[in-house]
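Coordinates in review
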Amino acid sequence: MTNPSIYSLNGRVPLKQAVPFGLQHVLAMFVANITPIIILANMVGIDASLSASLVQNCMVIAGLGTLVQLYPVWRIGSRLPIVMGISFTFLSLAIAIASTQGMGTLMGAIIVGGLLEGCLGLCSKVWTRFITPVVAATVVTAIGFSLLPIGANSFGGGQGAADFGQLHHWIVGTVTLLTCMLTHVYAHGFLRSLSILVGLVVGYIVALCMGLIDYSALLQADVVALPKLLPFTPEFHIGTILAIFCVYLVSATETIGDTSALCSSALGREVKERELGASVACDGFVSTVAGLFGCTPITSFSQNVGLTAISKVVNRFAIATGAVIMVVGGLFPTVGILLTTIPQAVLGGCTLMMFGSILFAGFGMLAKSGFSQRNMVIVSVSLSVGLGFTQASSLFDIFPQMVRTIFADNCVAVVFLLALLLELTLPKKAE
């Protein structure tokens, strides 16, 4: 029987029940957490041993960042069940900077940019009044739409895979998705809340029986690996700092949307001003720590917001067990390598349902904000331009590189900017 405290923020939950829920969150975001640093290392030409060390650092940073969100340090951390991880948002700019100016320059910009974003979070009273319900709802809806291609690509075996879309990926992904859905619909109590984990386990077993899982990397793993501080000597240049800070603003936008979606879908209430500022502060200051360990910035993970929306498990202790598992995975490489054996199709089958739940949360927030003519204009123009233009990203080719980097492939940034501008400029009683 499920302990009812699992559905409350501060309830007391036995460890044996907390661990499966925490593990569910780790498995939902694990591959996405380490992928940005792997891509960056490959593109920049970092050697294999240092790349492996950076992956371990990213796992530790993700775990620590999540713990800070759950159990704040001063005003840093929202006290909400938000899971943190390494952001994809910075990847293209990070590759450009590291390839031309070196990893030291990139890390210097990340360190300073994180401090600036953190200070922005601490000054939340200045800017949160502009994040009205319709702006937040539009951003959350955009996040849901933006995640669907990620889930679809994983379902097909991972973007760029040589066997993308082949029958075996369809079989594994479909079995996983159906298991998640049927468990959520027909199971009860404890098992229903773990529907994503159940689907992941069943999909993993099917993939194992089909010979799609490779354990060879486990044989070469070290037993223990401590995080390495300052693997790159930071260098500080104003141009790269400003460029990175612009992307930090985009990351803050995503965190605002995730925090709003979490409160709406899982807690059934509006987000508080303090929670928005504290979430952004955690984003920034923990990203500075990430830079000290050679990692790219950290942010809230939307897929875990979707998972919380489905399971309704918001207990901080339960999710903290997942954060501890991430830290342990960073200290013991075999744990992390074992988690990387989960096939992309299994993750795709799980995440599609979760991403859809974020869309559903966005629709619910839109309904609460009302269907006035003014709101219709804000939502329709923001979403149509944001989602449409970023699908035809060459539209941005006439703009400077910094503008293209921030907006061309990031529909959430475009949607947020347009929604905010329309909210500030349209007459309040326009009908």
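See above for the structure.
Thresholds applied
Residues numbered from 1 in each chain as written. Predicted model: local features only at pLDDT ≥ 70, side-chain atom pairs only at ≥ 80, totals over all residues. Heavy atoms only, no water. Helix = DSSP H or I, 4+ residues; strand = E, 2+ residues; numbered from the N terminus. Rg over C-alpha atoms; globule rule 2.2 N^0.38 Å. Buried < 20%, exposed > 50% of the residue type's maximum accessible area, 1.4 Å probe, protein only. Contact = heavy atoms within 4.5 Å. Areas by Shrake-Rupley, 256 points an atom, 1.4 Å probe, with all protein chains shown as cover. Phe/Tyr/Trp six-rings, centres within 6.5 Å; stacked < 30°, edge-to-face > 60°. Core = buried A, V, L, I, M, F, W, Y, C linked by side-chain atoms within 4.5 Å. Axes fitted to C-alpha atoms, helices over the stretch in contact; angles between N-to-C directions. Parallel < 35°, antiparallel > 145°, perpendicular 65-115°, else oblique. Left-handed = near helix turned anticlockwise from the far one by under 90°. Nonpolar A, V, L, I, M, F, W, Y, C, P; charged D, E, K, R; others polar. Polar contact = N/O pair within 3.5 Å; in protein donor to acceptor, adjacent residues only side chain to side chain. Expected span 1.5 Å × (residues − 1). Arc of directions from axis to C-beta. Salt bridge = Lys/Arg side-chain N within 4 Å of Asp/Glu carboxyl O.

1. Thoughts on the overall build of the chain
Along the backbone of the chain there are 18 helices and two strands. For 431 residues, the compact-globule estimate of 2.2 N^0.38 gives 22 Å, and the C-alpha radius of gyration of the chain, at 21 Å, lies within 12% of that figure. Along the first, second and third principal axes, the C-alpha atoms of the chain reach 60 × 55 × 45 Å. Out of the 431 residues in the chain, the part that is buried amounts to 57%. Put simply, of all contacts in the chain between residues at least 6 apart along the chain, 83% involve residues at least 24 apart. If you sum the accessible surface of the chain, you get close to 17900 Å²; carbon and sulfur atoms cover 70% of it.

2. Quick notes on the packing of aromatic side chains
Under the counting rule described, the total for this entry stands at three aromatic pairs. Their ring planes at 65° and their centres at 4.9 Å tell us that Phe90 and Tyr248 sit as a pair that is edge-to-face. Residue Phe90 is found in the loop between β1 (84–86) and α3 (91–101), and its partner Tyr248 is found in helix α10 (residues 238–265); the two are separated by 158 residues along the sequence. Given a relative accessible area of 1%, Tyr248 falls into the buried group. Aromatic pair Phe155 and Trp170: ring centres 5.4 Å apart, planes at 80°, arrangement edge-to-face. You can see Phe155 sitting in helix α6 (residues 133–155) and its partner Trp170 sitting in helix α7 (residues 167–186), a full 15 residues away along the chain.

3. Quick word on the nonpolar core
What tends to happen in soluble globular proteins is that the nonpolar side chains get buried as a cluster. One finds Leu40, Met103, Leu106 and Ile244 to be the most contacted residues of the largest nonpolar core, which totals 120 residues. With twelve residues, the top contributor of residues to this core is helix α1 (residues 15–44).

4. Digging into the packing of helix α16 (residues 373–391) against helix α18 (residues 411–425)
Packed helices, taken two at a time, are described by their axes: the angle between them and the distance between them. One way to put it is that α16 packs onto α18 with a least axis distance of 8 Å and a crossing angle of 155°. Relative to α18, α16 is oriented roughly antiparallel. The hand of the α16/α18 crossing is right-handed. Residues Arg374, Val377, Ile378, Val381, Ser382, Leu383, Val385, Gly386, Leu387 and Thr390 of α16 form the contact with α18, whose own contacting residues are Cys411, Val414, Val415, Leu418, Ala419, Leu422 and Glu423. For the contact of α16 with α18, the class distribution of residues is twelve nonpolar, three polar and two charged.

5. Let's talk about the packing of helix α12 (residues 302–311) against helix α15 (residues 344–369)
Viewed as axis vectors pointing N to C, α12 and α15 meet at an angle of 80°, and their least axial separation amounts to 8 Å. For the element pair α12 / α15, the angle class is roughly perpendicular. Residues Ser302, Gln303, Gly306, Leu307, Ala309 and Ile310 of α12 lie in contact with α15, whose contacting residues are Met353, Met354, Phe355, Ser357 and Ile358. For the contact of α12 with α15, the residue count by class is seven nonpolar, four polar and no charged.

6. Here's the deal with the side chain of Thr179
For Thr179, the position within the fold is in helix α7. Look at Thr179 and you get buried, because its relative accessible area is 14%. Within the local environment of Thr179, its side chain forms a polar contact with the backbone oxygen of Val175, the two atoms lying 2.7 Å apart. With sequence-adjacent residues up to four places away left out, Thr179 is seen in contact with Val198, Gly199 and Val202.

7. Structural notes on the side chain of His169
Mapped onto the elements of the fold, His169 is located in helix α7. Given a relative accessible area of 11%, His169 falls into the buried group. Engagement of the side chain of His169 in a polar contact is seen with the side chain of His168, the distance being 3.3 Å.

8. Things to note about α16
Along an α-helix, residues three or four apart share an orientation, since each turn contains 3.6 residues. Given a rise of 1.5 Å per residue, 19 residues ought to cover 27 Å, and the 27 Å separating the end C-alpha atoms of α16 matches this to within 8%. All of the buried residues along α16 are Arg374, Asn375, Ile378, Val379, Ser382, Leu383, Gly386 and Thr390. The arc that holds every buried residue of α16, seen down its axis, measures 135°, which confines them to one face. The inward-facing, buried residues of α16 abut α6, α15, α17 (401–407) and α18.

9. Considerations on the pattern of salt bridges
Going through the model one piece at a time under the given rule, you end up with three salt bridges. Across the salt bridge formed by Glu423 and Arg374, the nearest N and O atoms sit 3.1 Å from each other. Taken together, the positions of Glu423 in helix α18 and Arg374 in helix α16 put the pair 49 residues apart, joining distant regions of the chain. The pair formed by Glu423 and Arg374 is uniform in burial state, with each residue classed as buried. Residue Lys428 is joined to Glu423 by a salt bridge in which the shortest nitrogen-to-oxygen separation is 3.1 Å. Among the residues examined, Lys428 registers a relative accessible area of 60% and is labelled exposed. By relative accessible area, which is 7% here, Glu423 ends up buried. Shared partners join several salt bridges into a network, and the residues in it are Arg374, Glu423 and Lys428.

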